[in-house]
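Fold and contact review
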Amino acid sequence: MTKILYAKDYVEKKTLDLKEKIKKIGFSPVISIIRIGEDPGSSAYERGIKKTSEKLGISVDVNSYSLDVSEDKILGKIKELNEDEKVGGILIFRPLPEKFDEEKISLALDPKKDIDCMSPLNMAKVYAGDIDGFIPLAPKASFELLKHYGYDLKGKETVIINHSNVVGKPLAMILLKELATVTICHIGTKDLRKHTKNADIIFSAVGKAEFLDETYFNEDATVIDIGTSKNSEGKFRGDLDEESVDGKIKAFSPVPGGIGSITNLLLLENVINYYL
């Protein structure tokens, strides 16, 4: 029987823990968002942050701009938020307009308020093996969910299907610290099944809905599904064809109800920790 690794219990416990932290602070923490344009994905992410923030008692400061905003204006806003002691975290939605220098924007962020780990300084720490500070949220959420369900990663054969700076690479650093054996697959991988079929745990962030069926896994495999995209029916689903693998693998995290449920809480935890 395949176990479904729902995030509900983790989310409930983490929510209570964060509310206790806010009580110790004694006032409402503030997250500041910088959004340029009206990208549907960013708008949905913003709504999710607002919803979670409301439950916790966190104030959300949204700074929205049209696509023709100047880079200097955004840099000025970042400087203002860096210097505002009431603000515990700054989140800049990406992708940025093509005319922007993303490196310049990310370097302008105060590393202590860089809750989405955009700053090269924080990313450099991650690649040096320091995963105790800011780290991209999806990798951290994946590890938190496995830890919640009692997984021991030491010696496990793991496969990551993604090699980006926000998922694959930081996730590899987490797994290496836990002494897992790590294989990273990507668009250049010639035989994906060869790798996934021999893995104990597979982390997928392909972004192709219901792409991975039962032919990719062995019966003892656990799949952590990080991808989210619309399927042929227009519904948001993960990379995993859940119906296909049900009863044929050991466990998987669902979409929705899995990794995505955790990321907003971890983002806001970064905000709260600024004040402690």
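Residues numbered from 1 in each chain as written. Predicted model: local features only at pLDDT ≥ 70, side-chain atom pairs only at ≥ 80, totals over all residues. Heavy atoms only, no water.

1. Some details on the overall build of the chain
Going by this rule: Strands are runs of DSSP state E lasting at least 2 residues, helices are runs of H or I lasting at least 4, and numbering of each runs from the N terminus. Within these notes, the globule rule equals 2.2 Å times the number of residues to the 0.38 power, and the radius of gyration is based on C-alpha atoms. Relative accessibility decides the category of a residue: with a 1.4 Å probe and only protein chains considered, values under 20% of the type maximum give buried, values over 50% give exposed, and everything between is partly exposed. Contacts are assigned to residue pairs that have any heavy atoms within 4.5 Å of one another. Counted as positive: Lys and Arg. Counted as negative: Asp and Glu. His and the chain ends are not counted at all. Throughout, a charge is located at the NZ atom of Lys, the CZ atom of Arg, the CG atom of Asp or the CD atom of Glu.
A tally of helices and strands in the chain yields ten helices and eleven strands. Relative to its length of 276 residues, the chain is compact, with a C-alpha radius of gyration of 19 Å against a globular reference of 19 Å. Taken over the C-alpha atoms alone, the chain extends approximately 55 × 45 × 40 Å along its principal axes. Here the chain, with 276 residues, has 49% of them falling under the buried criterion. Here the contacts in the chain between residues at least 6 apart in sequence split such that 70% fall between residues at least 24 apart. Mean positive and mean negative side-chain charge positions of the chain (39 and 44 charges, respectively) differ by 3 Å.

2. A few points about the nonpolar core
The nonpolar side chains of a soluble globular protein tend to be buried with one another. For the record, the criterion: Grouping buried Ala, Val, Leu, Ile, Met, Phe, Trp, Tyr and Cys residues that are joined through side-chain atoms within 4.5 Å yields what is termed a nonpolar core.
Judged by nonpolar contacts, the single largest core of 68 residues is most densely connected at Ile-74, Ile-92, Ile-105, Phe-203 and Ile-226. The contact partners of Ile-74, leaving out residues within four places of it in the chain, are Ile-34, Ile-36, Tyr-65, Val-69, Phe-100 and Ile-105. Formed by 15 residues, the second largest nonpolar core is a distinct cluster that contains Val-159, Ile-161, Ala-199 and Leu-240.

3. Points about the side chain of Asn-82
Put simply, the test is: Counting of polar contacts relies on pairs of N or O atoms within 3.5 Å, with two restrictions inside protein: one atom must be capable of donating a hydrogen and the other of accepting it, and residues adjacent in sequence are counted only when both atoms are side-chain atoms.
Position of Asn-82 relative to the elements: it lies in helix α3 (residues 71-83). Among the polar contacts made by the side chain of Asn-82, one reaches the main-chain carbonyl oxygen of Ala-108 at a distance of 2.8 Å. At a separation of 3.1 Å, a polar atom in the side chain of Asn-82 contacts the main-chain amide nitrogen of Asp-110. Leaving out residues up to four positions away in the same chain, Asn-82 has contacts with Ile-90, Ala-108, Leu-109, Asp-110 and Lys-113.

4. As for the pattern of salt bridges
Operational definition: Basic side-chain nitrogens of Lys or Arg form a salt bridge, by our definition, when they fall within 4 Å of a carboxyl oxygen of Asp or Glu.
Per the counting criterion, the structure on display carries 18 salt bridges. One salt bridge in this structure joins Lys-86 and Asp-84, with 3.3 Å as the shortest N-O distance. Among the residues examined, Lys-86 registers a relative accessible area of 58% and is labelled exposed. The salt bridge partner of Asp-116 is Arg-94, with a shortest N-O separation of 3.2 Å. One end of the pair, Asp-116, is in the loop between α4 (102-108) and α5 (120-127); the other, Arg-94, is in the loop between β4 (89-92) and α4, with 22 residues separating them in the sequence.

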